[in-house]
Amino acid sequence: LPPPLCDEPVILKALTSAGKLFARISPSISEELGLRVEINDHQAAKEMTAKLIELGHQSIGFITGRKGTATTRRRLEGFLSAMKEANLSVPENFILEGDFEYKSALIAGEKLLQQTQRPTAIFASNDEMAAGLIAAAHKSGLSVPGDLSIAGYDDSMVATVVWPQLTTVRQPIKQMAATAVKILIEQCRAESGERPNNELLPTEIIMRESTASK
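Residues numbered from 1 in each chain as written. Predicted model: local features only at pLDDT ≥ 70, side-chain atom pairs only at ≥ 80, totals over all residues. Heavy atoms only, no water.

Observations concerning the layout of surface pockets
Taken as a whole, the largest pocket spans an internal volume of roughly 660 Å³. What lines the largest pocket is a set of 25 residues, and nearest its centre among them are P3, T71, R75, F100 and D154. For the lining of the largest pocket, the secondary structure elements donating two or more residues are helix 3 (70-85), helix 5 (127-139) and helix 6 (173-189). A breakdown of the residues in the lining of the largest pocket according to their chemical character gives 10 nonpolar, 8 polar and 7 charged. (1 Å grid on protein atoms, 1.4 Å probe; cavity = no way out; pocket = protein on both sides within 12 Å on 5 of 7 lines; lining within 4 Å. Points joined across faces, edges and corners; volume = space filled by probe spheres on them. Helix = DSSP H or I, 4+ residues; strand = E, 2+ residues; numbered from the N terminus. Nonpolar A, V, L, I, M, F, W, Y, C, P; charged D, E, K, R; others polar.)

A few points about unusual backbone geometry
The step from V144 to P145 runs through a cis peptide bond, and the omega angle for that step is 10°. With respect to the element layout, P145 can be found in the loop between helix 5 and strand 6 (149-154). At N87, a residue that is not glycine, the phi angle is positive and equals roughly 60°. Looking at the secondary structure, you find N87 in the loop between helix 3 and strand 4 (95-97). Unlike most non-glycine residues, D155 shows phi in positive territory, near 60°. Relative to the elements of secondary structure, D155 occurs in the loop between strand 6 and strand 7 (167-170).

Digging into the environment of T203
Mapped onto the elements of the fold, T203 is located in the loop between strand 8 (199-200) and strand 9 (204-206). Judged by its relative accessible area of 24%, T203 is partly exposed. Sequence separation between T203 and Q175 is 28 residues, and the spatial gap between their C-alpha atoms is 11 Å. Excluding its chain neighbours within four sequence positions, the residues that come into contact with T203 are I39, A44, V169 and R170. (Buried < 20%, exposed > 50% of the residue type's maximum accessible area, 1.4 Å probe, protein only. Contact = heavy atoms within 4.5 Å.)

Structure representation (C-alpha cells):
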C-alpha cells in the first residue's frame, strides 16, 4: 500500500478484518498495523537544511506539505531542528502551507517573495512544490539560484525536467516498493507467529543547479 492508501482507515480495517497480510510504504498513522517500509523524513529534511546553511544561507523559508500528515510534520520538524542547531531564527512568515501540489507552492512562493524581508533560500517539502517556487521566482524577476536558492524533496521526475534542475532529497522510491514486496513475500512464507523486520531505507542529498553559495 503506497501513500495515501497506506493511511486510508477503510482499507486498513477491511484488510485487518479479512486477515489479509499487507505492507505499507511510509505510513503516517496506525504504525502498528501491517509491515512497514519507510525513510527517516526528519533526518533527511534536517540534512538538506544543513546543506543550505553550509552554502552560506542564514535566511531560509519552508513550504510545508499537506496539513495533518505525519510526513509534513516530520519534514518541518527536521528543518526547524537544523535551523535551531545553527542558531538561526525562522520568522513565522517564512513558513507557508502547501499541499504537495505545484499550484499551492506557486501561490505561497509569490506571497513569500513579495515580502519586504525575503529569504535567500527556500526548502519545499516535495519536488512538485519546488518547481512551483521556481516559477514564482521567475515571475518575480528573480534568478534561481543567483537571487534565490530552491531545494525540493523526493528526486522525482520533475526534479530533472524543470530549469534549473533541482537540488533535492533522493527518496529510494523503487527500492521502497521492491522491499515492501520482498517482506510481504517473506511474511507469506513465514511460520506461524514469525514476522519479518520492518525496513528503514537511507536517503541521499542530490546537489543540482537550483542552489548556490550565498
